[in-house]
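As a plain string of letters, each chain reads:
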Amino acid sequence: MPALHRCNNIADLRLRAKSKLPAPMFHYIDGGADDEWTMRRNTDAFDDLQLMPNYLRNIEHIDLKTNVLGTQLDLPYFLSPTGMSRLFHHEKEYAACKAAHQHGTMYSLSTLSTTSLEDIATCTPSAKMFQIYILKDRELTREFVQRCKASGYQALCLTVDTMVAGNRERDLVNGMTMPPRITPANFFSYGTSFSWLFNLLKDPNFTLENVAHRVDALDKGAMALIDYVNSQFDRTVTWEDAAWLAEQWDGPFVIKGVQSPADAQKAVEIGATALMVSNHGGRQLEGVPAPVDCIAPIRDKIGDQLELIVDGGIRRGTHIIKALASGANACSIGRPYLYGLAAGGQKGVDRAMNILTSELHRSMTLLGVSCVSELSEKHLIPLNKRSR
């Protein structure tokens, strides 16, 4: 297991996270749906794009700032909404929120977080986004909008690709439940995760803080996460519901999970301001395109009517550069910072962000580009095409 300061890349943080977590928690972060082809393709797709550098440029100063969702960020990426951070480290969502603030970027909080949206709102003064699901309890959706307005959230993000939970077989094999449940089959895995187990004994609270007062399905005891999603999420949600939500929010409104140009056009029509082009990290429908492969077709369809955020597969700074050069306004990261969180709490998230930011800075310098706004398709060559 590499020490935190010796983790030189996201892959190293992943190994450290694996050594620290019980198997159910690690594989919940690490796994995808079905055969996990989509999850792997999300990262492999970046290998189909080559970077074309230009030399003898003045690159004394590298500017990574970008404007997205009505705010300026110091980095062209931010932290994606990911549920139940308490599963991975006792510092939970606070750790990621504080690390994002230190790096001058945005933190996104999930509906299914183990910290309330009000507590995260006061954690740091930085801009934040709240990710919302429309649950069967529609009044809870109305409540979320009002609570986010009162708490000063910058943006609201509706996830649309989780009508039912994907077939995440690793969770079934490893007995992943919420809250965690130690069984004879996974006892050894829990018993050897000493730090995680010690903090479990100190603080066994895994409450889903934003929904427990109205939708406390977990009060009956541990249940499979797939069962929780399938019991609470509403399959009848339509574009009319998204339009209603955009109107209620009346601010930067993001739809997460869109991949097709046709759906992107619908997002324009219902009043969205941005898309998180995402397949849920390969955790939902198997066999769909990688997010970075969707950017150009969506741009061709809608032009600059929406901001586009690549969400999925990013493991290197060069991946962020390729996404921006493909036409994205920004990127978001999920697994990279969760590996960091599991590897070392806030310090681990900070390490993950330092790695990606250092790679970004170095690669921009070597590419001959001094600010992210200069990146364009001229810096890319598809692998199956030769440069002239």
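In this text the structure is predicted, and so the values were computed from the model without any measurement.

Rules behind the numbers
Residues numbered from 1 in each chain as written. Predicted model: local features only at pLDDT ≥ 70, side-chain atom pairs only at ≥ 80, totals over all residues. Heavy atoms only, no water. Core = buried A, V, L, I, M, F, W, Y, C linked by side-chain atoms within 4.5 Å. Buried < 20%, exposed > 50% of the residue type's maximum accessible area, 1.4 Å probe, protein only. Helix = DSSP H or I, 4+ residues; strand = E, 2+ residues; numbered from the N terminus. Contact = heavy atoms within 4.5 Å. Pairing = 2+ DSSP bridges. Right-handed = clockwise from strand over helix to strand, strands pointing away. Phe/Tyr/Trp six-rings, centres within 6.5 Å; stacked < 30°, edge-to-face > 60°. Lys NZ or Arg CZ within 6 Å of the ring centre and 35° of its normal. Axes fitted to C-alpha atoms, helices over the stretch in contact; angles between N-to-C directions. Parallel < 35°, antiparallel > 145°, perpendicular 65-115°, else oblique. Left-handed = near helix turned anticlockwise from the far one by under 90°. 1 Å grid on protein atoms, 1.4 Å probe; cavity = no way out; pocket = protein on both sides within 12 Å on 5 of 7 lines; lining within 4 Å. Points joined across faces, edges and corners; volume = space filled by probe spheres on them. Nonpolar A, V, L, I, M, F, W, Y, C, P; charged D, E, K, R; others polar. Salt bridge = Lys/Arg side-chain N within 4 Å of Asp/Glu carboxyl O.

**Quick look at the nonpolar core**
In this structure, F88, F253 and L275 are the most contacted members of the largest nonpolar core, which totals 103 residues. Looking at which element gives the most residues to this core, the answer is helix 15 (residues 335-367), with 14 residues. Apart from the residues within four sequence positions on either side, F253 is in contact with L156, L158, A242, L245, A246, I270, A272, T273 and A274.

**Overview of helix 14 (residues 317-325)**
With eight of nine residues buried, helix 14 lies mostly within the body of the structure. Among all positions in helix 14, only G317, H319, I320, I321, K322, A323, L324 and A325 are buried. Immediately downstream of helix 14, the backbone of G327 shows phi near 125 degrees, a positive value.

**Observations concerning the pairing of strand 6 (residues 128-132)**
When you tally the buried positions in strand 6, you get five out of five residues, the bulk of the element. Neither face of strand 6 is open: one carries K128, F130 and I132, the other M129 and Q131, and all of them are buried. As defined by bridge partners, strand 5 (residues 107-110) adjoins strand 6 across four bridges and the pair is classed as parallel. Within strand 6, the position partnered with L109 by the bridge is F130. A crossover connection joins strand 6 to the parallel strand 7 (residues 155-159) through helix 6 (residues 138-151); in handedness this β-α-β unit is right-handed.

**Examining the packing of aromatic side chains**
As enumerated under the stated definition, the model contains four aromatic pairs in all. With centroids separated by 6.1 Å and ring planes inclined at 20 degrees, the aromatic side chains of Y28 and F88 adopt a geometry described as stacked. Residue Y28 is found in helix 2 (residues 23-30), and its partner F88 is found in the loop between strand 4 (77-79) and helix 4 (92-102); the two are separated by 60 residues along the sequence. Overall, the relative accessible area of 2% leaves F88 in the buried class. Judged by centre distance (5.3 Å) and plane angle (55 degrees), the rings of F130 and F144 are tilted. Note that F130 is positioned in strand 6 and F144 in helix 6, a separation of 14 residues in sequence. Residue class for F144 comes out buried when judged on its relative accessible area of 0%. A connected cluster of aromatic rings, assembled from ring pairs, spans F130, F144 and Y153. Geometry around Y28 places R283 over its ring, the cationic atom sitting 4.6 Å from the centre.

**Digging into the environment of F188**
Residue position: F188 is located in helix 8 (residues 187-191). Considering only alpha carbons, one finds F188 and P22, 166 residues apart in sequence, at a separation of 8.7 Å.

**Describing the packing of helix 4 against helix 15**
Each pair of packed helices can be described by the angle between their axes along with the distance between the axes. Close contact between helix 4 and helix 15 brings their axes to 8 Å; oriented N to C, the two are set at 20 degrees. Compared by their axis directions, helix 4 and helix 15 come out roughly parallel. For the pair helix 4 and helix 15, the crossing hand works out as left-handed. In this structure, helix 4 uses K92, A95, A96, K98, A99, A100 and Q102 to contact helix 15, whose residues at the interface are Y337, L341, G345, Q346, V349, D350 and M353.

**Brief notes about the layout of surface pockets**
Here the largest pocket is characterised by a volume of approximately 590 Å³. If you trace the largest pocket, you find 27 residues lining it, with T159, V160, D161, T162 and M163 closest to the centre. If you list the elements that add at least two residues to the lining of the largest pocket, you get strand 7 and helix 11 (239-249). Residue composition of the lining of the largest pocket, grouped by class: 14 nonpolar, nine polar and four charged.

**What to know about the pattern of salt bridges**
Two side chains bearing opposite charge may form a pair once their charged atoms approach each other closely. A complete count under the given rule lists 14 salt bridges for this structure. The partner of R147 in a salt bridge is E118, and the shortest N-O contact between them spans 2.7 Å. One end of the pair, R147, is in helix 6; the other, E118, is in helix 5 (residues 117-121), and 29 residues separate them in sequence. Residue R147 is classed as buried on the basis of its relative accessible area, which comes to 15%. Residue R299 pairs with D304 through a salt bridge whose shortest N-O separation is 4.0 Å.

**Some details on the environment of D263**
Within the fold, D263 resides in helix 12 (residues 261-269). With 29 residues separating them in the primary sequence, D263 and V292 have C-alpha atoms 16 Å apart.

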